[in-house]
Amino acid sequence: MEGAHENPAESSSSVPRSEEPAGSAGGPEVVPAEESEGCARSLDAAPKKLCGYLSKFGGKGPIRGWKSRWFFYDEKKCHLYYSRTAQDASPLDSIDLSSAVFDCKADAEEGTFEIKTPSRIITLKAATKQVMLYWLQQLQMKRWEFHSSPPAPPAAPDAALAANRPALRLELEHEEAELEDFLCPVRTPPGLVGVAAALQPVPAMPLALPNISLKHLGTEIQNKMYNIRGNRQPQGTGHRSPGEDPPLSAESWRTEQPLSSDPGAPGKYPADSPKSTPKSSLAANLIQKAKHQNNTFPFFAEGLTWTRTAQEKVLALEQQVLTLTKELKSQKELVRILHKALEAAQQEKRASSAYLAAAEDKDRLELVRHKVRQIAELGRRVEALEQERESLVQTAGLQEQQAQELRQHVQLLMDKNQAKQQVICKLSEKVTQDFTHLPTQPPGPPGAADRDFLSQQEKMEHLKDDMEAYRTQNRFLNSEIHQVTKIWRRVAEKERALLMKCAYLQAKNCQVESKYLAGLRRLQEASGGEATECSELLKQLIQEALQWEAGEASANGVELSPISEYDEYGFLTVPNFEMEDLKLLAKIQALEVHSHHLLAHEAVERPLRERWAALGDLAPSVELKQLLRAGVPREHRPRVWRWLIHLRVRHLQSPGHYQELLNRGQVREHPAARQIELDLNRTFPNNKHFTCPTSSFPDKLRRVLLAFSWQNPTIGYCQGLNRLAAIALLVLEEEESAFWCLVAIVETIMPADYYSKTLTSSQVDQRVLQDLLLEKLPRLMAHLGQHRVDLSFITFNWFLVVFADSLISNILLRVWDAFLYEGTKVVFRYALAIFKYNEEAILRLQDGLEIYQYLRFFTKTICSGQKLMNIAFNDMNPFRMKQLRQLRTAHRERLQAELHELEQLKAEYLETRNSQGPAVPEGCTSEDEGEGDA
């Protein structure tokens, strides 16, 4: 059995130079170090194909040992194939070099090296040290060439491939120049590598049986029968056998070689060249086998092609013409498909017009069925995109696993290199000590002294050999670490590109699914409440679409970023609304938000996270203001909020103040405690932190609200404070920090009397918002005024709880990031931006009741937080705080005058009522009389 094993035969510390590996052909010695420093190698001088005989260590039991094998490299697959001889038709096995690393051991037999793949370790031995270094360098270059070349499409034109060759050649030359800094390029060993090695006799083994691969016995028999048929064929046609004449040399064979076919199409003859005459030499036999047999050893015919003839160039150009013709046909097919799509769109438009114009229910039912079939086709497309996305995610996982293995191997090589450098230093110190401190020996006979001197000299020679071997090994391992590190970086870049592509596909999938749900909703509105078969089908499809796939997403461990049932702060991504329309809209919003997040991750969120990571200490600045408007990443948000809150309440904070307020509440109950207890169960029913029975958040919220009721007795508790404190708890988690956040909002950010019993400042801000809407959105306000729509029914709660009940957490917390720093101006900006975001949709509505119904849920249609932020801080400019103060002052005076007038009317009414006395209408019995009768 041929497997991958370590070399058990470890030699002594010296590296033998005179020993030749068994079964290997002789060759030149290793180039000396001083000569190799100045050597140079040309890419054109190197052989076209990397092939030759090597000894492979393998086997089992008594036949375990070295076996001679013919190795041949395939550039397309980055595999190293091997067979018993160069003339074999089928290879025994192959080695995948794309994820392999190479190693040579200084203390092993001369010429021994290893190829380590994730699945096995292959030990090989070359004829000489020079051949070993040549193989290692060539394998390194071939591996780098494979990883550097871009992946070719299935039918890439020759012109595109030819355009990539100059850039790839420059990159390979640059990589070769970098490797020269570690290990000087080794000269090509003549006659031991390349196609010329195939003309040499097979290296003899001690026994015939051990050289046979029992693991691949079927392949051995097939190759043997093929060789027998190949040797008999010339005899049947009257030609001499290959053994009658000596093999031709590489030069003579090169001149006598006939025109060969195109390497890309083996087995075909050129159109203008006759069949080559049979030859009696081994080279002619090999050429004949390569041409006339389709199952010959792969890629060997390409190795025998030395020149590219004019006929081959013509064939290549014809192939290119065929490729371009196919591409033209595909473009025509694309145009045809686009025409069909245009016709389908026009047909759909005509169908919609026919639906609106249809007078009978039967016609409308047929049109709806047509739409259902289109929806089914759209669903199949969604499934196909999902399958493609899953395959890309699996590919990315495999790339990550391979990169991890390469990183581990690089670390092992670095540790090994460091250990060997320490050994070299110790040996150098030992040699220096031997030279400087010669031991004093007692006088002895001259023969003994000479023997000691000779043994010391021999030992010194061995140490020099060891140092040279370790130096060569150290240089090669440094080059290997350098190249493996570059390959790992390239693999990491490819993995990142695959992840970006996967995120893009997932975003597109979310968009398709949201369009599918929106289409279902429009069909449901069009069909109305008719109890027909189509209505039942639509209802079933909507129910299936609303079923959440959280279980499937969690079961699949390779999802990139699935939409979970809860967001990062515990809110239900699709809340449990009682109305089916709201559920459908919420799911459409969740899909669109996830799609925007995936598409903007690399372009927006990653640079924003890098800017926050590099910010350092927080200090008021223009840059911090811009960063807060763009949103704070979750990992930085608690720290940033604590700093913002401290800026607001540092004049109020004192150590132990919060605990003192809690102790005061334990002594006696606050009058607002009952109302607080009632509102606890109504706080964010769609958040798992406040609905789970075992959660600690309700208790924390209760303590925060009770402490605030003692902190500000004039307010005590007002409905809406529970949501403000709950948002602070979800972000800060510490109840004392949440308490000071509530204090900062109520007492320093919002105007006075905002949460009082009269809610005076809240009413003022609603009138200010009306003025700002008239200024910024005059078309919208004219439309709403025409239908007598009062926006304060919608916007009053926005200001009271700072959008806590209206926006999803992904957008809400970005509003709070800027709100805690800039104040109430941010609330006005975002209120105007929300109406601007949906302005066109509101203008299309022509009924007051329909507008009110739309305003109840229109915040569920906001999907892009980035777009909303741009509207708030760019489209709403100029937005000056001075103007906001003036409007507030004017409206406060008017409101106070109205309240004063109302109080006067109330007082006059009471005065008039008291002056009239308790009059009893005629015919009615007074209460006193009734009591007297009783």
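These numbers come from a predicted model, not from an experiment.

**Topic: the overall build of the chain**
For the chain, the count of helices and strands is 31 helices and seven strands. Long-range contacts, defined as pairs at least 24 residues apart, comprise 74% of the intrachain contacts of the chain with a sequence gap of at least 6. Accessible surface computed for the chain: about 50,400 Å², of which carbon and sulfur atoms make up 54%.

**Concerning the packing of helix H14 (residues 622-630) against helix H25 (residues 809-822)**
Two elements in contact, H14 and H25, have axes whose closest approach is 7 Å; the angle formed by their N-to-C orientations is 150°. Taken together, the residues of H25 that come into contact with H14 (itself represented by Leu624, Lys625, Leu628, Arg629 and Ala630) are Arg814, Asp817, Ala818, Tyr821 and Glu822. The class makeup of the residues in the contact of H14 with H25 is five nonpolar, no polar and five charged.

**As for unusual backbone geometry**
With the exception of glycine, the majority of residues adopt a negative phi angle, and the majority of peptide bonds are in the trans configuration. Here the residue pair asparagine 877 and proline 878 is connected by a cis peptide bond, since its omega of 0° sits within 30 degrees of zero. Tracing the backbone shows proline 878 in the loop between helix H29 (865-875) and helix H30 (881-916). Residue leucine 759 is not a glycine yet carries a positive backbone phi of 55°. Note that leucine 759 resides in the loop between helix H21 (735-749) and helix H22 (760-776). Residue leucine 759 is classed as buried on the basis of its relative accessible area, which comes to 19%. Even without being glycine, phenylalanine 803 reaches a positive phi, approximately 65°. Relative to the elements of secondary structure, phenylalanine 803 occurs in the loop between helix H24 (792-801) and H25. Accessibility expressed as a relative area gives 0% for phenylalanine 803, which makes it buried.

**With respect to the sheet that holds strand S2 (residues 65-74)**
Read across the sheet, seven strands follow the order S4-S3-S2-S1-S7-S6-S5 without closing on themselves; strand pairing throughout is antiparallel. The open sheet has two edge strands, strand S4 (93-96) and strand S5 (101-104), and neither has a second partner. Here the strands of the sheet are splayed against their neighbours by 35° on average, with no regard to which way each runs. With four bridges joining them, strand S3 (residues 79-83) and S4 adopt antiparallel strand pairing. Bridge pairing links leucine 80 to isoleucine 95 in S4. Of the strands in this sheet, strand S1 (51-58), S2, S3, S5 and strand S6 (112-116) touch helix H2 (residues 129-148), which is tilted by about 165° from S5.

**Some points on the side chain of serine 479**
Tracing the backbone shows serine 479 in helix H10 (residues 446-527). Here phenylalanine 476 takes part through its backbone oxygen, which lies 2.5 Å from a polar atom of the side chain of serine 479.

**Observations regarding the pattern of salt bridges**
Summed over the entire model, instances satisfying the criterion amount to 28 salt bridges. Here glutamate 635 ties to arginine 609 by a salt bridge, and the two come within 2.7 Å at their closest N and O atoms. Here glutamate 635 is found in the loop between H14 and helix H15 (637-649), whereas its partner arginine 609 is found in helix H13 (residues 580-613), with 26 residues between them in sequence. A salt bridge links arginine 629 to glutamate 822; the nearest nitrogen and oxygen atoms lie 2.9 Å apart. Within this pair, whereas arginine 629 is found in helix H14, its partner glutamate 822 is found in helix H25, the two being separated by 193 residues in sequence. Relative accessible area serves as the criterion here: at 17%, glutamate 822 is assigned to the buried category. By sharing partners, the salt bridges in this structure join Asp103, Glu114, Lys116 and Lys416 into a single network.

**Quick look at a negative patch on the surface**
A cluster of like negative charges, contributed by Glu360, Asp361, Asp363 and Glu366, occupies part of the molecular surface. Positionally, glutamate 366 belongs in helix H9 (residues 361-436). The partly exposed category is assigned to glutamate 366, whose relative accessible area is 43%.

**Describing H24**
Among the residues of H24, Ile794, Thr795, Trp798, Phe799, Leu800 and Val801 are the ones counted as buried. Looking at the buried residues of H24, the elements they touch are helix H20 (721-732), H22, H25, helix H26 (825-837) and helix H28 (848-857). Where H24 terminates, the next one or two residues include valine 802, which has phi positive at roughly 55°.

**Structural notes on H30**
Compared with an ideal rise of 1.5 Å per residue, which puts 36 residues at 52 Å, H30 spans 52 Å between its outermost C-alpha atoms and is within 8% of the ideal. What H30 keeps buried is the set Leu884, Leu887, Arg888, His891 and Leu895.

**Things to note about the pairing of S6**
Within S6, five of the five residues are buried, which leaves it mostly tucked inside the rest of the structure. With burial as the criterion, each face of S6 is covered, one bearing Thr112, Glu114 and Lys116 and the other bearing Phe113 and Ile115. Bridging between S5 and S6 involves four bridges; their strand directions are antiparallel. Bridging across to S6, phenylalanine 102 finds its partner in isoleucine 115.

**Focus on the environment of tyrosine 658**
By secondary structure assignment, the location of tyrosine 658 is in helix H16 (residues 657-667). Apart from the residues within four sequence positions on either side, tyrosine 658 is in contact with Arg703, Val704, Ala707, Glu735, Glu736 and Phe739.

**Section: the packing of H20 against H21**
Interaxial distance between H20 and H21 falls to 8 Å at its minimum, and their mutual angle equals 135°. When the interaxial angle is binned, H20 and H21 end up oblique. Crossing of H20 against H21: the hand is right-handed. The segment H20 lies against H21, with Leu721, Leu724, Ala725, Ala728, Leu729 and Leu732 engaging Glu735, Ser737, Ala738, Cys741, Leu742, Ile745 and Val746.

Rules used throughout
Residues numbered from 1 in each chain as written. Predicted model: local features only at pLDDT ≥ 70, side-chain atom pairs only at ≥ 80, totals over all residues. Heavy atoms only, no water. Helix = DSSP H or I, 4+ residues; strand = E, 2+ residues; numbered from the N terminus. Contact = heavy atoms within 4.5 Å. Areas by Shrake-Rupley, 256 points an atom, 1.4 Å probe, with all protein chains shown as cover. Axes fitted to C-alpha atoms, helices over the stretch in contact; angles between N-to-C directions. Nonpolar A, V, L, I, M, F, W, Y, C, P; charged D, E, K, R; others polar. Buried < 20%, exposed > 50% of the residue type's maximum accessible area, 1.4 Å probe, protein only. Pairing = 2+ DSSP bridges. Polar contact = N/O pair within 3.5 Å; in protein donor to acceptor, adjacent residues only side chain to side chain. Salt bridge = Lys/Arg side-chain N within 4 Å of Asp/Glu carboxyl O. Patch = residues over 30% accessible without salt bridge, like charges linked within 9 Å, V, L, I, M, F, W, Y side chains within 5 Å. Lys, Arg positive; Asp, Glu negative; His and termini not counted. Charge placed at Lys NZ, Arg CZ, Asp CG, Glu CD. Expected span 1.5 Å × (residues − 1). Parallel < 35°, antiparallel > 145°, perpendicular 65-115°, else oblique. Left-handed = near helix turned anticlockwise from the far one by under 90°.

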